[in-house]
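Tertiary structure, described
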Amino acid sequence: AYLDRIDGVDGDIHAFLHVDRSTAVEQARRVDARRAAGEELGPLAGVPVAHKDVFSTSDMPTTAASKILEGWRPPYDATVTARLREAGLVILGKTNMDEFAMGSSTENSAYGVTRNPWDLSRIPGGSSGGSSAAVAAFEAPLATGTDTGGSIRQPAAVCGLVGAKPTYGGSSRYGMIAFASSLDTPGPFARNVLDAALLHEAFSGHDPRDSTSIDAPVPPVVDAARRADVEGLRIGVVKELGGEGYQPGVLQRFTEAVELLESLGAKVVEVSCPNFDAALAAYYLIAPSECSSNLARFDAMRYGLRVGDDDSRSAEEVMALTRAEGFGPEVKRRIILGTYALSSGYYDAYYGSAQQVRTLIKRDFDAAFDNVDVLVSPTTPTTAFPLGERSDDPMSMYLADLCTIPANLAGNAALSVPCGLAPEDGLPVGLQIMAPALADDRTYRVGAAVE
Ligand code: GLN
């Protein structure tokens, strides 16, 4: 049914870069065979999932929506991919995204834009916009994404879905094409909090192949989603994430969600996190710095595209030609920014200062969590904006992640849950819930109470 739905609507939405009916059906048959052989399968066995094209899949191409990886087929599965298969999930295909996960609108894909199912003239969010659009358009009940600065929560918010950024290190990065390794976090999309929790639990947990993976039990997110109560919970409203520059209807629905939580027995207080004002600036030094290092591996020798490779050219020339043609403008912008910030003489002033700001933001969170159990804010300052509106203005595009970036810099758990439609445009608004690292269950508990 989902494959038929994809056939029916994906021409308009373009959520998928790759769908392979026979591979999907074959996976489903294998799940049936495992069940018939008496294997105890988990609650998601047989459930289809749309998989972001940043996760390596041995049976499907993996491009990170970049021309430089066109047609590349990895020789192995990412840990997240392998765990989806173990749990019996059926991977329908690979979803569109901003190239190498750099963006907030999915307009930076080398393979065309994805449209928001709520309004086809608007963006589905990004970078995991193919995943959010697929679930919102009923092309899949579940999807995977990655969140480096907001790329799961922001598309979830603007598509009316639940999306979680797990604790950094709570889900494995092995086999996931790297953008900014100290921030990248795989996470789930779903139509409701319990489904998101089930997917979160299915692919999370320690992985010895990722040295930053945490060797601790997966937080009990499914139990928390079922519990769905906030009686006595202390909730902090982050003063710095709201007010001027935010769309009025977003603030209205956010305020109503907070009032709802209070009426359900939560204790609500205002909390100040003064260093959050510098989060965006710090992120746009740290993330490009890490990306400039990570993307050095696309050297025209190891993967995918190779341009101008004849006997007349040196390896350096082939590399330069390949990278010039293979990377899109946003990726180039970030590589240039990052190499500059890391270069000798500038390192302390830019990268070093950004790392200090990162520590201050972590301390803001620590101080806040001494007094409250979770922090809340709108997930995004506005609802889905029109396609093209911000594509020529990187700064306005970067502002889409104003509220989500602090949790990445600190490595915390965070979740976005729908909290109604903005009255002025009828588009979905997201409530963001943030909790300390490894307290992901709290975000699900509060999210389930709100939905
Ligand atoms: N929009 C942010 C960026 O462009 C975040 C991206 C992400 O989380 N992958 O870097």
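Residues numbered from 1 in each chain as written. Predicted model: local features only at pLDDT ≥ 70, side-chain atom pairs only at ≥ 80, totals over all residues.

We apply this condition: UniProt positions are given in the numbering used here, feature names are shortened, and annotations may be inferred rather than shown by experiment.
Labelled according to an unreviewed UniProt entry, the protein appears under the name Glutamyl-tRNA(Gln) amidotransferase subunit A, originating from Nocardiopsis mangrovi. You can read under Catalytic activity (unreviewed entry) in the UniProt record for the protein the words "L-glutamyl-tRNA(Gln) + L-glutamine + ATP + H2O = L-glutaminyl-tRNA(Gln) + L-glutamate + ADP + phosphate + H(+)". In its Function (unreviewed entry) section, the UniProt record describing the protein reads: "Allows the formation of correctly charged Gln-tRNA(Gln) through the transamidation of misacylated Glu-tRNA(Gln) in organisms which lack glutaminyl-tRNA synthetase. The reaction takes place in the presence of glutamine and ATP through an activated gamma-phospho-Glu-tRNA(Gln)."

What about the UniProt feature "active site" (unreviewed entry) in the protein?
Heads up, the condition is: Put simply, a residue is buried when 20 or more other C-beta atoms lie within 10 Å of its own C-beta and exposed when 12 or fewer do; between those, it is partly exposed, and each C-beta is set from the backbone. Once C-beta atoms are placed from the backbone, any two residues with those atoms within 7 Å are in contact.
Under the UniProt annotation, the feature "active site" (unreviewed entry) is placed at Lys52, Ser127 and Ser151. Judged by maximum C-alpha separation, these annotated positions cover 100 residues in sequence but sit close together in space, the widest gap being only 11.2 Å. Assessed through the 32 C-beta atoms surrounding it within 10 Å, Lys52 is described here as buried. Once residues lying within four places of it in the same chain are set aside, the contact partners of Lys52 are Thr95, Met97, Ser128, Ser131, Thr144, Gly145 and Thr146. Take Ser151: there are 36 C-beta atoms within 10 Å of it, and that puts it in the buried class. The residues touching Ser151, leaving out its near neighbours within four places in the chain, are Ala101, Gly126, Ser127, Ser128, Gly145 and Thr146.

A word on the site of the ligand
Short version of the rule: By definition, a residue lies near a molecule or strand when the C-beta atom built from its backbone is within 6 Å of it. When residues are sorted by character, Ala, Val, Leu, Ile, Met, Phe, Trp, Tyr, Cys and Pro go into the nonpolar class, Asp, Glu, Lys and Arg into the charged class, and all the rest, Gly among them, into the polar class.
Inspection of the region around the ligand gives 13 residues, with Ala101, Ser104, Thr148, Gly149 and Ser151 positioned closest. Among the residues making up the shell around the ligand, the classes are represented as four nonpolar, seven polar and two charged.

Thoughts on the nonpolar core
For clarity, the threshold we go by: Defined on buried residues, the nonpolar core groups Ala, Val, Leu, Ile, Met, Phe, Trp, Tyr and Cys residues joined through C-beta atoms within 7 Å.
Counting residues in each nonpolar core, the largest one holds 132 residues, and the members touching the most others are Val49, Val135 and Ile433. In this structure Ile433 touches Val374, Val376, Ala414, Leu415, Val417, Thr443, Val446 and Gly447, once residues within four positions along its chain are discounted.

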